[in-house]
Amino acid sequence: MNLGPLKVGKFQLFPLSDGSFRLDGGAMFGVVPKTLWNREIPADEFNRITLALGVLLIQTPRGRWVLVDTGLSSKYENNPKFKKLYAVERPETLREHLDSMGISPKDISLIINTHLHFDHAGGNTEFSDRGVAVPAFPNARYLIQKEEWEDASHPHERNQASYFKENFEPLDLAGLVDLVEGEYEIEPGLKVLRSGGHTRGHQCVQIESEGEIAVFLGDLIPTSKHLPLPWIMGYDLHPVDTLEIKRETLKKALDENWTLIFQHDVGLRSAKLDFKNGRYAAKISY
Ligand SMILES: [Zn+2]
């Protein structure tokens, strides 16, 4: 889905996608009963819901091209088991979106990974002709929280199904990784904010210019249906941390009229926030 640029002051944002996949609806909504979430996003016959493989392309006022996350890539096209398990559909790909905009992978100067789960970092690398994973954006630095890198490199039984080494080890071998800790400003108006919650090192991206603010939420609030405070993913490793950072983030978003960008929402890529009857919801869609 390419809905054209979203202007935030001097920044141009392009919410793109690398297709879609499906995850268990129960796992996506944690303690929320199916009778409630199924009204919002109906499940398929395997209890899965469809999620966008969202990617945000940013053109900064300095003319740099920045990507937030990289989708899944074509690395798993020849893995029928994976494609079936996650019902991967890529009628449109990140690569095609960039091509259609006249942007080559070599033009991307920075990749920000919200975290290193395969649905966010899969396109960090691609297979060479010899079947070896190599960086897909050879001129880009890859900006990742230090804790995320440590956890992805040393996964445990609860998170190992989401971390595939081929999505991040080749970046380190090529010397392209920049690890940061906590809030970090990349250039004026563009910064990462460590949120924790989903993973210890999960980060969101804030774009601020000329009095306007947009935030790419990553897996802190993956879809607009996750705006109510207790609607938190069962996948989150630290759900109570998610709750507290959500409370803080959404209060600011409402007070300062932020544009929120939802990475996994198939129908609504961005919206302003509303608070009605004690509950947060999306207000304006673009
Ligand atoms: Zn995700």
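Located above this text is the structure these notes cover.
Residues numbered from 1 in each chain as written. Predicted model: local features only at pLDDT ≥ 70, side-chain atom pairs only at ≥ 80, totals over all residues. Heavy atoms only, no water.

Side note on the coordination of the zinc ion
Part 1 of the argument: The coordination sphere of the zinc ion, as far as protein atoms go, consists of Asp119 (OD), His120 (NE2), Asp219 (OD) and His264 (NE2), spread over 2.0 to 2.3 Å.
Part 2 of the argument: Around the zinc ion, the 4 donor atoms are arranged such that angles at the metal cover 86 to 152°; this shape is classified as irregular.
Part 3 of the argument: In the primary sequence, the donor residues of the zinc ion line up as D-H-x98-D-x44-H. Of this pair, His120 sits in helix 5 (residues 118-121) while Asp219 sits in the loop between strand 13 (212-216) and helix 8 (239-255); the two residues are 99 residues apart in sequence, bridging distant segments of the chain. Like His120, the residue Asp219 is buried in the burial classification. (Donors = N, O, S within 2.8 Å, 3.2 Å for Na, K, Ca; no water. Tetrahedral: all angles 85-135°; square planar, octahedral: opposite > 155°, others 65-115°. Helix = DSSP H or I, 4+ residues; strand = E, 2+ residues; numbered from the N terminus. Buried < 20%, exposed > 50% of the residue type's maximum accessible area, 1.4 Å probe, protein only.)

Some points on the pairing of strand 4 (residues 65-68)
Part 1 of the argument: Of the two faces of strand 4, the one carrying Trp65 and Leu67 and the one carrying Val66 and Val68 are both buried.
Part 2 of the argument: For strand 3 (residues 48-59) and strand 4, the ladder comprises 4 bridges, and the chain directions are antiparallel. For Leu56, the partnering residue across the bridge sits in strand 4 and is Val68.
Part 3 of the argument: Joining the antiparallel neighbours strand 3 and strand 4 is a turn of 5 residues, in which Gly63 adopts a positive phi near 85°.
Part 4 of the argument: Taken together, the 4 bridges between strand 4 and strand 5 (residues 108-112) define a ladder with parallel strand orientation. Looking at the pairing, Trp65 lines up with Ile108 of strand 5. (Pairing = 2+ DSSP bridges.)

Quick look at the layout of surface pockets
In this approach the atoms are scanned with a rolling probe the size of a water molecule, which exposes any empty space left behind.
Part 1 of the argument: Space inside the largest pocket adds up to approximately 300 Å³.
Part 2 of the argument: Leu23, His117, Phe118, Ser162 and Tyr235 are, among the 18 residues lining the largest pocket, the residues nearest its centre.
Part 3 of the argument: For the lining of the largest pocket, the elements supplying multiple residues, two or more each, are strand 2 (11-24) and helix 5.
Part 4 of the argument: Here the lining of the largest pocket is composed, by residue class, of 9 nonpolar, 6 polar and 3 charged. (1 Å grid on protein atoms, 1.4 Å probe; cavity = no way out; pocket = protein on both sides within 12 Å on 5 of 7 lines; lining within 4 Å. Points joined across faces, edges and corners; volume = space filled by probe spheres on them. Nonpolar A, V, L, I, M, F, W, Y, C, P; charged D, E, K, R; others polar.)

Notes on the nonpolar core
Part 1 of the argument: Leu57, Leu67, Ile108, Leu116, Phe137 and Tyr142 are the most contacted members of the largest nonpolar core, which totals 25 residues.
Part 2 of the argument: Those elements that place two or more of their residues in this core are strand 2, strand 3, strand 4, helix 4 (94-100), strand 5, strand 8 (141-145) and helix 6 (146-153).
Part 3 of the argument: Apart from residues no more than four positions distant in its own chain, Leu116 is found in contact with Ala121, Asn124, Ile144, Glu148, Trp149, Ala152, Ser162, Tyr163 and Phe168.
Part 4 of the argument: Counting 20 residues, the second largest nonpolar core, distinct from the first, contains Phe11, Leu13, Val68 and Ile112. (Core = buried A, V, L, I, M, F, W, Y, C linked by side-chain atoms within 4.5 Å. Contact = heavy atoms within 4.5 Å.)

Describing the pairing of strand 11 (residues 190-194)
Part 1 of the argument: In this sheet, strand 11 lies alongside strand 10 (residues 184-187) in antiparallel orientation, the contact comprising 3 bridges. By the bridge assignment for strand 11, Tyr184 is matched with Val192.
Part 2 of the argument: Here strand 10 folds back onto strand 11 in antiparallel fashion, the turn holding 2 residues, of which Gly189 has a positive phi close to 95°.
Part 3 of the argument: Bridge analysis of strand 11 against strand 12 (residues 203-209) gives 5 bridges, and the strand direction is antiparallel. By the bridge assignment, Val192 is partnered in strand 12 with Val205.

Remarks on the side chain of Glu187
Part 1 of the argument: Along the chain, Glu187 turns up in strand 10.
Part 2 of the argument: Apart from the residues within four sequence positions on either side, Glu187 is in contact with Thr60, Pro61, Arg62 and Arg64.

Thoughts on the pattern of salt bridges
Part 1 of the argument: Scanning the model with the defined rule gives 20 salt bridges in all.
Part 2 of the argument: With its nearest N and O atoms 2.8 Å apart, the salt bridge here joins Asp44 to Arg22. Of this pair, Asp44 sits in the loop between helix 2 (34-40) and strand 3 while Arg22 is found in strand 2, placing the two residues 22 residues apart along the sequence.
Part 3 of the argument: Two residues, Glu147 and Arg194, come together in a salt bridge whose shortest N-O distance is 3.3 Å. Linking Glu147 in helix 6 with Arg194 in strand 11, this pair joins segments that are 47 residues apart in sequence.
Part 4 of the argument: Salt bridges linked by common partners bring Lys146, Glu147, Glu150, Asp151, Arg194 and Arg200 together as one network. (Salt bridge = Lys/Arg side-chain N within 4 Å of Asp/Glu carboxyl O.)

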